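Coordinates in review
Given next are the chains, with one letter for each unit.
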Amino acid sequence: MPRNDDETFPREDEEDRPFKCDLCQDKSYKRKAHLWRHQTYECPNVVEKPKFPCSICSFVFKRKAHLQRHLIYQHGVRNAQISSNGSKSP
């Protein structure tokens, strides 16, 4: 369905985003979980970010779920247990 150009959607105000990143100062989120995700995976000021390398090929992922999806679709590996360093167990 095409969008009507006359429609405008209100922009979220700062008060709708109470969770602020102490490291970035310009990022804020509605939910605490979203702030945690930003600080864990996305914040450019965090030096040590988790990495999940594929044990079959050379791809490296920021998130465990992305590695699991990759293993299923690219290598046909299902139900692999991924350890914190990214290696898989049968």
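Going by what an unreviewed UniProt entry lists, the protein chain is known as C2H2-type domain-containing protein and is assigned to Bemisia tabaci.

Some thoughts on the overall build of the protein chain
Helix and strand content of the protein chain: 2 helices and 6 strands. When its helices and strands are written in sequence order, the protein chain yields β-β-α-β-β-α-β-β. The proportion of buried residues among the 90 residues of the protein chain is 22%. Taking as baseline every contact in the protein chain between residues at least 6 positions apart, the subset at least 24 positions apart corresponds to 11%.

Looking at the environment of Gln 81
Positionally, Gln 81 belongs in strand 5 (residues 81–82). The exposed category is assigned to Gln 81, whose relative accessible area is 53%. For the pair Gln 81 and Gln 68, spaced 13 residues apart in sequence, the C-alpha to C-alpha distance is 8.7 Å.

Description of helix 2 (residues 64–75)
Given a rise of 1.5 Å per residue, 12 residues ought to cover 16 Å, and the 16 Å separating the end C-alpha atoms of helix 2 matches this to within 8%. Inspection of helix 2 places Leu 67, His 70 and Leu 71 among the buried residues, and these make up the whole buried set. For helix 2, the angular spread of the buried residues around the axis is 100°, confining them to a single face. Positive backbone phi, at 70°, marks Gly 76, one or two positions downstream of helix 2.

A look at the UniProt feature "domain: C2H2-type" (unreviewed entry) in the protein chain
The feature "domain: C2H2-type" (unreviewed entry), as given by UniProt, occupies residues 52–80 in the numbering adopted here. For residues 52–80, the end-to-end C-alpha separation is 13 Å, with 41% helix and 14% strand making up the annotated structure.

Quick notes on the rules
- Residues numbered from 1 in each chain as written.
- Predicted model: local features only at pLDDT ≥ 70, side-chain atom pairs only at ≥ 80, totals over all residues.
- Heavy atoms only, no water.
- Helix = DSSP H or I, 4+ residues; strand = E, 2+ residues; numbered from the N terminus.
- Buried < 20%, exposed > 50% of the residue type's maximum accessible area, 1.4 Å probe, protein only.
- Contact = heavy atoms within 4.5 Å.
- Expected span 1.5 Å × (residues − 1).
- Arc of directions from axis to C-beta.
- UniProt positions renumbered as here; feature names shortened; annotations may be inferred.

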